[in-house]
Amino acid sequence: MAAITRFSKPSAFSHIRRCLYSSSAAAAVTNESSADVISSFGNYKITRRDPSERNVQWVFLGCPGVGKGTYASRLSNLLGVPHIATGDLVREELAASGPLSKQLTEIVNQGKLVSDEIIISLLAKRLEAGEAKGESGFILDGFPRTINQAEILKDVTDIDLVVNLRLPESVLVEKCLGRRICGQCGKNFNVASINVKGQNGSPGISMAPLLPPPHCTSKLVTRADDTEEVVKERLRIYNEKSQPLEDYYRNQGKLMEFDLPGGIPESWPKLLEVLNLDDYEERQSVAA
């Protein structure tokens, strides 16, 4: 299997243009007299802008441990859009004071799942605050996770493209089991050295370890839930829930599947190429 599924550079660019055109057409049908359409959710109002008048609005999907946050963060910096992870929004709200913070504290303390409505409310609040500050576009990290969340999100704002990062399960397990955290500084590292040979026409996968500096080496700890049994169960649950969501976006022509060929050095240039952003990164470097 090729490292990039279904998309070479020209077709990826055409795919993205089709996504943007579809969103633009939908906005035009909703309100032909204006490019800006107000979408309200609860007490929050998000402006739906024509894609030609704003930056990208993308979603990153992928199994736990695949590296969504890393690649979403890099693209966020490159494109000048916020990288929004709903887990961070929940943690920020828990640290604040107010009715929702108290409600979330009760939910977390009882070991319950945060409802879709609360998650979307936090996201809508974040998007509205960003819009007030002049932000244009965003990259959502690992959200939505279900079709129900995707449907609610659709009522809040438009999504142009969904990037689904993929790695074989064996690689994901090895990668997760190699994760380490410095007990003193809190930084994340990975001691796994992954080298998978290509088979049946599929390319090999190589990922170098992310080793800690000498002063962190003796302080490394492993997350309690990073056991093979727990990791495999997390992957099973994710795959079970993600397939309908992938089909949901695939049927809309918005899903782009990207098989990571290795670690960041190998995968980052390929991801930029398939997104037609490799020249963009060079222009940004020259401008800087």
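Reading the values: rules and limits
Residues numbered from 1 in each chain as written. Predicted model: local features only at pLDDT ≥ 70, side-chain atom pairs only at ≥ 80, totals over all residues. Heavy atoms only, no water. UniProt positions renumbered as here; feature names shortened; annotations may be inferred. Helix = DSSP H or I, 4+ residues; strand = E, 2+ residues; numbered from the N terminus. Buried < 20%, exposed > 50% of the residue type's maximum accessible area, 1.4 Å probe, protein only. Contact = heavy atoms within 4.5 Å. Areas by Shrake-Rupley, 256 points an atom, 1.4 Å probe, with all protein chains shown as cover. Salt bridge = Lys/Arg side-chain N within 4 Å of Asp/Glu carboxyl O. Axes fitted to C-alpha atoms, helices over the stretch in contact; angles between N-to-C directions. Nonpolar A, V, L, I, M, F, W, Y, C, P; charged D, E, K, R; others polar. Pairing = 2+ DSSP bridges. 1 Å grid on protein atoms, 1.4 Å probe; cavity = no way out; pocket = protein on both sides within 12 Å on 5 of 7 lines; lining within 4 Å. Points joined across faces, edges and corners; volume = space filled by probe spheres on them. Core = buried A, V, L, I, M, F, W, Y, C linked by side-chain atoms within 4.5 Å. Arc of directions from axis to C-beta.

Going by an unreviewed UniProt entry, the chain carries the name adenylate kinase and comes from Corchorus olitorius. Note on the chain: under the UniProt heading Catalytic activity (unreviewed entry), the record states "AMP + ATP = 2 ADP". The Sequence similarities (unreviewed entry) comment attached to the chain in UniProt states, word for word, "Belongs to the adenylate kinase family."

(A) Seen up close, the overall build of the chain. Check the secondary structure of the chain and you find eleven helices and twelve strands. When each of the 288 residues of the chain is scored for burial, the buried share is 42%. A separation threshold of at least 6 residues defines the contact pool for the chain, and within that pool the share at least 24 residues apart is 71%. Of the roughly 15100 Å² of accessible surface on the chain, 52% is carried by carbon and sulfur atoms.

(B) Region of interest: unusual backbone geometry. Positive phi outside glycine occurs at Asn276, with the angle close to 65°. Summarising the element assignment, Asn276 is placed in the loop between helix H10 (264–274) and helix H11 (278–287).

(C) Just the pattern of salt bridges, in detail. Within this structure, the stated rule accounts for 16 salt bridges. One salt bridge connects Arg54 with Asp160, and the closest N-O pair in it is separated by 2.7 Å. Separated by 106 residues along the polypeptide, Arg54 in the loop between strand E2 (44–48) and strand E3 (57–62) and Asp160 in the loop between helix H6 (147–156) and strand E6 (161–166) bring together distant segments of the chain. When sorted by exposure, Arg54 lands in the same class as Asp160, which is buried. The residue Arg166 makes a salt bridge to Asp259 at a minimum N-O spacing of 2.8 Å.

(D) Inspection of the packing of H6 against helix H9 (residues 228–251) at higher detail. Across the interface, H6 lies against H9 with an axial gap of 9 Å and an inter-helix angle of 40°. Every residue of H9 that contacts H6 at Ile147, Ala150, Glu151, Leu153 and Lys154 is listed here: Pro244, Leu245, Tyr248 and Tyr249. Residue composition of the contact of H6 with H9, grouped by class: seven nonpolar, no polar and two charged.

(E) Structural context of the pairing of strand E7 (residues 179–182). The sheet contact formed by E7 and strand E8 (residues 188–190) spans three bridges and is antiparallel. Looking at the pairing, Ile181 lines up with Asn188 of E8. The turn joining E7 and E8, which pair antiparallel and follow one another in sequence, is formed by five residues; a positive phi near 85° is taken by Gly186.

(F) Highlighting the pairing of E6. Extensive coverage of E6 is indicated by the burial of five of its six residues. In terms of strand pairing, E3 meets E6 through five bridges, oriented parallel. Counted as the bridge partner of Phe60 is Val163 from E6. Sheet topology places E6 next to strand E12 (residues 255–259); five bridges connect them, and they run parallel. Its bridge partner lying in E12, Val162 is registered against Leu255.

(G) Quick peek at empty space enclosed by the protein. By the definition in use, this model includes one cavity of 30 Å³ or more. Lining the largest cavity are 13 residues, and of these Gln57, Glu131, Glu135, Ser136 and Gly137 lie nearest its centre. The set of elements that each furnish at least two residues to the lining of the largest cavity consists of E2 and helix H5 (116–132). Top contributing element to the lining of the largest cavity by residue count: H5, with three residues. Partitioning the lining of the largest cavity into residue classes produces three nonpolar, six polar and four charged.

(H) Region of the structure containing the sheet that holds E8. Here we have three strands laid out as an open sheet, ordered E8-E7-E11, and antiparallel in their pairing. Each edge of the open sheet is held by one strand with a lone partner, namely E8 and strand E11 (220–221).

(I) Representation of the nonpolar core. Ranked by internal contacts, the top residues of the largest apolar core, which has 64 residues, are Trp58, Phe60, Leu75, Leu140, Tyr249, Leu271 and Leu275. Per element, the largest residue contribution to this core is seven residues, and it comes from H5. Apart from residues no more than four positions distant in its own chain, Leu271 is found in contact with Phe60, Tyr71, Leu75, Val163, Met256 and Phe258.

(J) Main features of helix H3 (residues 86–95). The complete set of buried residues in H3 reads Thr86, Leu89, Val90 and Glu93. Seen along its axis, H3 keeps its buried residues to an arc of 100°; they face one direction. Opposite its buried face, H3 presents the exposed residues Arg91, Glu92 and Ala95, each directed more than 90 degrees away.

(K) Summary view of H10. Those residues of H10 lying buried are Ser267, Trp268, Leu271, Leu272 and Val274. Buried positions in H10, seen along its axis, are confined to an arc of 160° and lie on one side of it.

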